[in-house]
Amino acid sequence: MTPAFDGSSLDGSGYLDVVRLAQHSPNWLDDLVLFWSTYGLAFFAVLAAVGWWRARRVGPAAAVEALAVPAIVVAAYGVDLALKLVVREDRPCQSLHVKVLEACPAPGDWSFPSNHAAIAAAAAALLFVSRRLGAIGAVAALAMAAARVWVGAHYPHDIVAGIAVGALTGLLLMNVVHRRSEALARWITSGRLRPLLVAS
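Let me begin by describing the structure that accompanies this report.

Calculation rules
- Residues numbered from 1 in each chain as written.
- Predicted model: local features only at pLDDT ≥ 70, side-chain atom pairs only at ≥ 80, totals over all residues.
- Heavy atoms only, no water.
- Helix = DSSP H or I, 4+ residues; strand = E, 2+ residues; numbered from the N terminus.
- Buried < 20%, exposed > 50% of the residue type's maximum accessible area, 1.4 Å probe, protein only.
- Contact = heavy atoms within 4.5 Å.
- Salt bridge = Lys/Arg side-chain N within 4 Å of Asp/Glu carboxyl O.
- Expected span 1.5 Å × (residues − 1).
- Bend = angle between axes of the 7 residues up to and from the residue.
- Phe/Tyr/Trp six-rings, centres within 6.5 Å; stacked < 30°, edge-to-face > 60°.
- Lys NZ or Arg CZ within 6 Å of the ring centre and 35° of its normal.
- Axes fitted to C-alpha atoms, helices over the stretch in contact; angles between N-to-C directions.
- Parallel < 35°, antiparallel > 145°, perpendicular 65-115°, else oblique.
- Left-handed = near helix turned anticlockwise from the far one by under 90°.
- Nonpolar A, V, L, I, M, F, W, Y, C, P; charged D, E, K, R; others polar.

**Focus: the environment of glycine 7**
So, point 1. With respect to the helices and strands, glycine 7 occurs in the segment before α1 (8-23).
So, point 2. Look at glycine 7 and you get buried, because its relative accessible area is 0%.
So, point 3. Counting along the chain gives 139 residues from glycine 7 to alanine 146, while the straight-line C-alpha distance between them is 18 Å.
So, point 4. Not counting chain neighbours up to four residues away, the residues in contact with glycine 7 comprise Glu89, Tyr155 and His157.

Okay, structure coming up:
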């Protein structure tokens, strides 16, 4: 079996600085960051739902793009997961044996790239639906990325890679959907799925 990659040589010192800062921060701040790290991805689902609801009132093509966001997020997760299996980087809490806020995952739960960061950054696809929602999603994605280092789950380079995977996958796939949204809207509105695209 191929040995796991140890990413601590890349930015392990920076990771340790953040983890130590978290250990000496107020409990309320750590609890808030831990809550966001654990449950924050649900916020992006809410953003996607709001985007779809509003897009139905704009037009069928806009609604098609909004409906594509969850599928694009799943695709970004798939790309990220494939990279994890190729790189096989141990979690920093395993390599550096440091106490962290979040329970250290078991060996084999690889660190690079960050799934949370990729999923959150894939919300960049919301920019095609609503610039306001896309901007909110971008800020929330950065908060999620920072939180994953703060709680000790990832190195900074895991986060940067996750953001890159999510944002690139989101923007590239949404660009494809955008070019075909009118045709897809005509096909969908001609059948029983019309209510998904058109507000009653």
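**What about the pattern of salt bridges?**
So, point 1. Going through the model one piece at a time under the given rule, you end up with 3 salt bridges.
So, point 2. When the shortest N-O distance is used, the salt bridge between aspartate 109 and arginine 91 registers 2.9 Å. Within this pair, whereas aspartate 109 is found in the loop between α5 (92-95) and α6 (115-121), its partner arginine 91 is found in the loop between α4 (60-87) and α5, the two being separated by 18 residues in sequence.
So, point 3. For arginine 91, a relative accessible area of 6% translates into the label buried.

**Observations concerning α1**
So, point 1. Between its first and last C-alpha, α1 extends only 19 Å over 16 residues, short of the 22 Å set by a 1.5 Å rise per residue.
So, point 2. Along α1, the sharpest change in direction is near 30° and occurs at glycine 14.
So, point 3. Buried within α1 are the following residues: Ser8, Asp11, Gly12, Tyr15, Leu16, Val19 and Ala22.
So, point 4. Next to the buried residues of α1 lie α2 (27-39), α5, α7 (131-150) and α8 (156-189).

**Considerations on the packing of aromatic side chains**
Two aromatic rings, taken as a pair, are described by how far apart their centres are and by the angle between their planes.
So, point 1. Tallying each qualifying case throughout the model produces 6 aromatic pairs.
So, point 2. Seen in terms of ring centroids, phenylalanine 35 and tyrosine 39 are 5.0 Å apart; in terms of plane orientation they differ by 50°. Their pairing is tilted. In this pair, phenylalanine 35 and tyrosine 39 both sit in helix α2, 4 residues apart, roughly one turn of the helix. Judged on exposure class, the residue phenylalanine 35 and its partner tyrosine 39 are both exposed.
So, point 3. In this structure an aromatic cluster arises from ring pairing among Trp36, Phe43 and Phe44.
So, point 4. Its guanidinium or amino end placed over the ring of tryptophan 53, arginine 56 lies 4.8 Å from that ring's centre, counting from NZ or CZ.

**So, the packing of α2 against α7**
So, point 1. In the contact formed by α2 and α7, the axes pass within 9 Å of each other and the chain directions differ by 115°. Judged by the inter-axis angle, α2 sits roughly perpendicular to α7. Classified by chirality, the crossing of α7 by α2 is left-handed. Together, Leu29, Asp30, Val33, Trp36 and Ser37 of α2 and Ala140, Ala143, Met144, Ala147, Arg148 and Trp150 of α7 make up the contact between the two elements.
So, point 2. Considered class by class, the residues forming the contact of α2 with α7 number 8 nonpolar, 1 polar and 2 charged.

**Side note on unusual backbone geometry**
With the exception of glycine, the majority of residues adopt a negative phi angle, and the majority of peptide bonds are in the trans configuration.
So, point 1. Between phenylalanine 112 and the following residue, proline 113, the backbone shows a cis peptide bond with an omega angle of -10°.
So, point 2. In this fold, proline 113 is placed in the loop between α5 and α6.
So, point 3. Here arginine 88, not a glycine, exhibits a phi torsion of approximately 55°, which is positive.

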